[in-house]
Amino acid sequence: MISLFNTPEQKPGLFDRMKTAVARTRDTLQERMDDLLTLARPIDESALDELEATLIASDLGVTTAQEIIDNLRQAASRQQIRDGAELRRLLKQELLRILNSVPQPPVRAAAQTEVILMVGVNGTGKTTTTGKLAAYFREQNKSVLLCAADTFRAAAIEQLEVWGQRAGVEMIRTRQGGDPSAALYDALVAAQARKIDVLIVDTAGRLHTKNNLMAELDKIRRTARRLVADAPHQTLLVMDATTGQNGLQQARLFTQAAAVSGIVLTKLDGTAKGGIVIAIARELQIPVRYVGIGEQMADLIPFDSNAFVDSLLEA
Ligand SMILES: Nc1nc2c(ncn2[C@@H]2O[C@H](COP(=O)(O)OP(=O)(O)O)[C@@H](O)[C@H]2O)c(=O)[nH]1
Ligand SMILES: [Mg+2]
């Protein structure tokens, strides 16, 4: 089998792919900051104001940008930012501090099927990411089963089926218009009978009303728990990076409706708004677990805060 993820040179591979993923964000950010980062004298107040505007423009969000600038201002008032290079180093530190302050999920013992629920607004990339994740886990020699719990559209079920075939994994479905929880129930029974390592559940993102969504996700979660005591083990919220701060608003809604344990940020390849990663960490306090960097099966990378910050602010 051709290895998509676990090549011996995985580490540098990951870093290179992260660099490509944030290329547009980095270019836009660094173009705007060029004057600042090459300054040969101590950083003053007006330089920091300029930096604040740049951070906001990169979709870090107003509150997050302010917090960073406040911390830098304190350093500057102590004469600690000698030049642009120093500013770059301190800014990296600030971004890492925010990313690393997010609580990380506990590593769980793999005694039973791990159930992963994919949630998010339509079009963010739930189905695509479900397929990519299936391939990712298969690369780690885990057995994977998919559950098509987006039963609103026939096309949605077929789309997942195509991904399942590509990744070489099976899918449990119900008819179009059927009860998503019934599909999940069948999938859980099958996963347990077959001793499947990971069951990934693709849900619908139709946002009629918030109550509607909450009721649906709640029912799915209760169904999962009926068969697997602590399921779902992960609830991954899929967010489209190109929607920037609007995506953050949607994310808040989902975190209220479902106990979101991690974020998958898709379409990072097509946007200069990659700063949203920092805003997610600071404002949602939920870890970004994976980023989507294209439409192909291998275009998914586990998120790594060091690789992200280094790629964004490398000299
Ligand atoms: N460029 C890019 N496109 C993506 C990525 N993830 C998903 N897409 C595209 O986004 C569109 C919507 O994806 P889909 O999985 O159907 O979204 P869903 O409605 O949430 O299930 C499709 O055209 C995908 O190919 C990504 O990481 N990068
Ligand atoms: Mg879908």
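Further up the page is the structure itself.
I will try to describe carefully the structure that is included in this document. (Residues numbered from 1 in each chain as written. Chains lettered and ligands numbered in written order. Predicted model: local features only at pLDDT ≥ 70, side-chain atom pairs only at ≥ 80, totals over all residues.)

1. Focus: the overall build of the chain
Step number 1: Secondary structure summary: the chain contains 12 helices and eight strands in total.
Step number 2: Taking 315 residues into account, the globule formula puts the C-alpha radius of gyration at 20 Å, and the chain, at 21 Å, falls close to it.
Step number 3: Long-range contacts, defined as pairs at least 24 residues apart, comprise 78% of the intrachain contacts of the chain with a sequence gap of at least 6. (Helix = DSSP H or I, 4+ residues; strand = E, 2+ residues; numbered from the N terminus. Rg over C-alpha atoms; globule rule 2.2 N^0.38 Å. Contact = placed C-beta atoms within 7 Å.)

2. Digging into the pairing of strand S2 (residues 144–149)
Step number 1: Most of S2 sits inside the fold, with six of its six residues counted as buried.
Step number 2: Residues Val144, Leu146 and Ala148 point to one face of S2 and Leu145, Cys147 and Ala149 to the other, with burial holding for every one of them.
Step number 3: Bridge analysis of S2 against strand S4 (residues 198–203) gives six bridges, and the strand direction is parallel. In the strand pairing of S4, alanine 148 is matched with aspartate 202.
Step number 4: Of the pairings in the sheet, the one linking S2 to strand S3 (residues 170–172) comprises three bridges and is parallel in character. Residue pairing for S3: leucine 146 is matched across the bridge by methionine 171. (Buried ≥ 20, exposed ≤ 12 C-beta atoms within 10 Å, placed from the backbone. Pairing = 2+ DSSP bridges.)

3. Topic: the site of ligand 1
Step number 1: In the vicinity of ligand 1 there are 19 residues, among which Gly125, Lys126, Thr127, Thr128 and Gly292 approach most closely.
Step number 2: By residue number, the principal contributor to the shell around ligand 1 is helix H6 (residues 126–139), which donates three residues.
Step number 3: Residues of the shell around ligand 1, tallied by class, amount to two nonpolar, 12 polar and five charged. (Near = placed C-beta within 6 Å. Nonpolar A, V, L, I, M, F, W, Y, C, P; charged D, E, K, R; others polar.)

4. With respect to helix H8 (residues 180–193)
Step number 1: Compared with an ideal rise of 1.5 Å per residue, which puts 14 residues at 20 Å, H8 spans 20 Å between its outermost C-alpha atoms and is within 8% of the ideal.
Step number 2: Within the sequence span of H8, burial applies to Pro180, Ser181, Ala183, Leu184, Ala187, Leu188 and Ala191. Down the axis, H8 shows its buried residues gathered within 150° of arc, on one side only. Within H8, the exposed residues directed more than 90 degrees away from the buried face are Val189 and Ala193.
Step number 3: Close packing links the buried residues of H8 with S2, S3, S4 and helix H9 (210–227).
Step number 4: One or two residues past the end of H8 sits lysine 195, with phi positive at roughly 50°. (Expected span 1.5 Å × (residues − 1). Arc of directions from axis to C-beta.)

5. What to know about unusual backbone geometry
Step number 1: In this model, alanine 231 is joined to proline 232 through a cis peptide bond whose omega is -10°.
Step number 2: In this structure, aspartate 59 takes a positive phi of about 70° despite not being glycine.
Step number 3: With respect to the helices and strands, the residue aspartate 59 is situated in the loop between helix H3 (45–57) and helix H4 (62–77).
Step number 4: The residue lysine 267 is not glycine, and still its phi comes out positive at about 60°.
Step number 5: Tracing the backbone through its elements, the reader meets lysine 267 in the loop between strand S6 (262–266) and helix H11 (276–284).

6. Observations regarding the environment of glycine 168
Step number 1: Tracing the backbone shows glycine 168 in the loop between helix H7 (154–167) and S3.
Step number 2: Overall, glycine 168 belongs to the exposed group, with 11 C-beta atoms counted inside 10 Å.

7. Digging into the sheet that holds strand S1 (residues 114–119)
Step number 1: Taken in spatial order, the eight strands make up an open sheet running S3-S2-S4-S1-S5-S6-S7-S8, and their pairing is mixed. If you trace the sheet from one side to the other, it starts and ends with S3 and strand S8 (300–302), each paired once. Adjacent strand axes in the sheet meet at a mean angle of 25°, parallel and antiparallel pairs treated alike.
Step number 2: Of the strands in this sheet, S1, S2, S4, strand S5 (234–240), S6, strand S7 (288–292) and S8 touch H6, which is tilted by about 170° from S4.
Step number 3: Together, S2, S3 and S4 form the strand contacts of H8, whose direction differs from that of S2 by roughly 165°. (Axes fitted to C-alpha atoms, helices over the stretch in contact; angles between N-to-C directions.)

8. With respect to the nonpolar core
Step number 1: Core analysis: the biggest nonpolar cluster contains 93 residues, and Ala134, Leu145, Cys147, Leu199, Ile200 and Val201 have the highest contact counts within it.
Step number 2: For isoleucine 200, the residues in contact, after removing those within four places along its chain, are Ile116, Met118, Thr130, Leu133, Ala134, Val144 and Leu146. (Core = buried A, V, L, I, M, F, W, Y, C linked by C-beta atoms within 7 Å.)

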